[in-house]
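# Results of the structural survey
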Amino acid sequence: MLEPLLTKLKTKIKGAKKGILGINFGNFSIKIAEIKVIKDKPVLTGFIQGRSFENVILNGIINDMPLLVTNMKNILENLQSHIKNVNISLPYELIIFDFFKMKSLPQIEEIKDKINEEIPYKIEDVYYSYYILPEEDTYKIFYLVAKKDIIDQYVDLINKLDLKINNIDGDFINLHNLIEFLYGNKSKLIIDWGYSKIKLLISNNQHPIYSRELFNLGIKKLEQKIIKKLRVSPEVAEKLLIDPKKSDQFNLLKKEYINYIKEIKEEIEYSLEFVKERFRVSIETIFLVGGGARIPDIDNTMTNLLNIKTQKIKIEDKIDIDSNIDPEYLEIINSQGAIAVATAIRDFI
């Protein structure tokens with residue numbers, strides 16, 4: 001389990017261990033997962049996703065606070081949760097994640113000074129955390145940095161909603177921790193297959209070591225191809241994304257899927273080869289989350305293309321699911337809702 005990015009904001013809130021809301025803010029939707037501890041075991045007791053108002057959040061930055069507050073109040077009202085403690089996942093765009101090498105085991109002040117040299121901001125203007133990986137004749141110090149003024153926006157938002165911040169961390173760190181909890185320590189590639197972009201996170205058997213974004217390769221690209229080729233509405237295209245066999249032009253649609261997935265495959269192979277050369281890490285398993293994880297048979301397709309075991313996650317393997325959650329909705333929670341669940345569960349794993 002990695003330590004939180006913003007340790008200065010991690011406080012011992014009374015009652016936090018009884019239940020937490022995990023919030024994942026996206027450009028197009030907001031997801032909230034509710035985790036409670038029942039009989040000493042974490043249970044998913046609620047989940048909701050709602051549309052984000054247009055341009056309210058762009059690449060993680062809040063552009064219209066009053067409208068976002070209204071947006072959030074509506075979503076929270078529908079969730080009907082009594083929990084006040086909140087964990088937030090920050091999108092990759094708001095975080096600097098990198099590493100540097102040192103020949104001897106560094107002291108805290110040395111690490112702080114080196115981070116200050118590496119980042120384009122003053123150290124006083126950011127929150128940061130780090131972890132150290134020893135190698136044969138050197139030490140790698142991986143660090144995460146987020147600007148304080150952006151974080152303060154989220155703290156202000158939570159205060160306006162009469163909620164309490166328990167923890168703020170990077171979305172990919174929370175995903176790493178969740179998948180480690182579900183499936184144990186192993187070298188892995190996590191593919192967060194979003195609407196506008198795909199995020200790749202590669203970990204050795206303990207820590208994240210490399211991350212990359214594939215811009216313009218999210219499922220939006222496939223959706224646009226479907227609209228153009230089949231001349232259908234965005235609403236119809238959205239449905240065909242997860243059930244293409246409903247189309248009477250399935251063969252044409254299949255070609256678009258194949259071309260799209262091959263393009264992603266090439267980018268993934270490039271990243272895996274880069275990590276193998278730079279970090280001497282070979283991937284054991286690929287995990288799929290995000291909307292793209294709902295593409296039919298995508299896990300088997302990627303397994304065959306990359307010759308690496310690829311699977312979707314199933315939180316129900318180790319997290320109890322409340323009876324009020326429709327079992328058929330779990331596919332959405334395990335894909336689009338994975339970050340929200342990972343955000344809520346981090347204090348209990």
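Above this text is the structure in question.
Residues numbered from 1 in each chain as written. Predicted model: local features only at pLDDT ≥ 70, side-chain atom pairs only at ≥ 80, totals over all residues. Heavy atoms only, no water.

### What to know about the overall build of the chain
The cut-off we apply is this: In this text, helices come from DSSP runs of H or I with a minimum length of four residues, and strands from runs of E with a minimum of two, each type numbered from the N-terminal end. In this description, accessible areas are obtained by the Shrake-Rupley approach with a 1.4 Å probe, and a residue is regarded as covered only by the protein chains that are shown. In summary, the charge assignment counts Lys and Arg as positive and Asp and Glu as negative, without counting His or the chain termini. Every charge is mapped to an atom, namely NZ of Lys, CZ of Arg, CG of Asp or CD of Glu.
Counting secondary structure elements, the chain contains 10 helices and 16 strands. Reported as C-alpha extents along the three principal axes, the dimensions of the chain are approximately 65 × 50 × 40 Å. Carbon together with sulfur atoms contributes 46% to the accessible area of the chain, which is approximately 17,000 Å² in total. Positive and negative side-chain charges in the chain, numbering 50 and 50 respectively, have mean positions lying 2 Å apart.

### Description of the sheet that holds strand 12 (residues 197-203)
Going by this rule: Being paired, for any two strands, means DSSP has found at least two bridges between them. Axis lines are fitted through C-alpha atoms, for helices just across the contact stretch, and the angle between N-to-C directions can take any value from 0 to 180 degrees. Should any heavy atoms of two residues lie within 4.5 Å, those residues are counted as being in contact.
Sheet architecture is open: five strands sit in the order 13-12-11-14-15, paired in mixed fashion. Edge positions in the sheet fall to strand 13 (208-215) and strand 15 (309-312), since each of these pairs with one other strand and no more. Neighbour-to-neighbour, the strand axes of the sheet open up by a mean angle of 20°, direction not taken into account. As paired strands, strand 11 (residues 188-193) and strand 12 are joined by six bridges and run antiparallel to one another. Pairing of K188 across the sheet is with S203, part of strand 12. Strand contacts of helix 7 (residues 250-279): strand 11, strand 12 and strand 13, with the helix running at about 150° to strand 13, the strand carrying the most contacts.

### Thoughts on the sheet that holds strand 9 (residues 139-147)
Taken together, three strands build an open sheet; the order of strands is 7-9-8 and the sheet is antiparallel. Where the open sheet ends on each side, the last strands, each with one partner, are strand 7 (96-102) and strand 8 (126-134). On average, adjacent strands in this sheet sit at an angle of 25° to one another, irrespective of strand direction. By the bridge criterion, nine bridges tie strand 8 to strand 9 in an arrangement that is antiparallel. Note that in strand 9 the partner of Y130 across the bridge is Y143.

### Comments concerning the environment of F279
Rules: Each residue gets one of three labels from its accessible area relative to the maximum for its type: buried under 20%, exposed over 50%, partly exposed in between, using a 1.4 Å probe on protein chains only.
Among the structural elements, F279 can be located in helix 7. The exposure class assigned to F279 is buried, which follows from its relative accessible area of 9%. Along the sequence, F279 and S233 sit 46 residues apart, while their C-alpha atoms lie 45 Å from each other. The residues touching F279, leaving out its near neighbours within four places in the chain, are F99, K140, F142, I209 and Y210.

### Considering the packing of helix 5 (residues 219-230) against helix 7
Where we set the bar: Any angle that is under 35 degrees is reported as roughly parallel, and any over 145 degrees as roughly antiparallel; angles of 65 to 115 degrees are reported as roughly perpendicular and all others as oblique. Left-handed is the label given to a crossing in which the near helix is rotated counterclockwise from the far helix by less than a right angle, and right-handed is the label when the rotation is clockwise. Gly is placed with the polar residues, together with every amino acid not listed as nonpolar (Ala, Val, Leu, Ile, Met, Phe, Trp, Tyr, Cys and Pro) or charged (Asp, Glu, Lys and Arg).
Packing of helix 5 against helix 7 brings their axes to within 10 Å, and their N-to-C directions diverge by 150°. By the criterion of interaxial angle, the relationship of helix 5 to helix 7 is roughly antiparallel. For the element pair helix 5 and helix 7, the recorded crossing hand is right-handed. Of the residues in helix 7, those in contact with I219, K221, L222, K225, I226, K229 and L230 of helix 5 are L252, L253, E256, Y257, Y260 and E263. Tallied by class, residues from the contact of helix 5 with helix 7 come to eight nonpolar, no polar and five charged.

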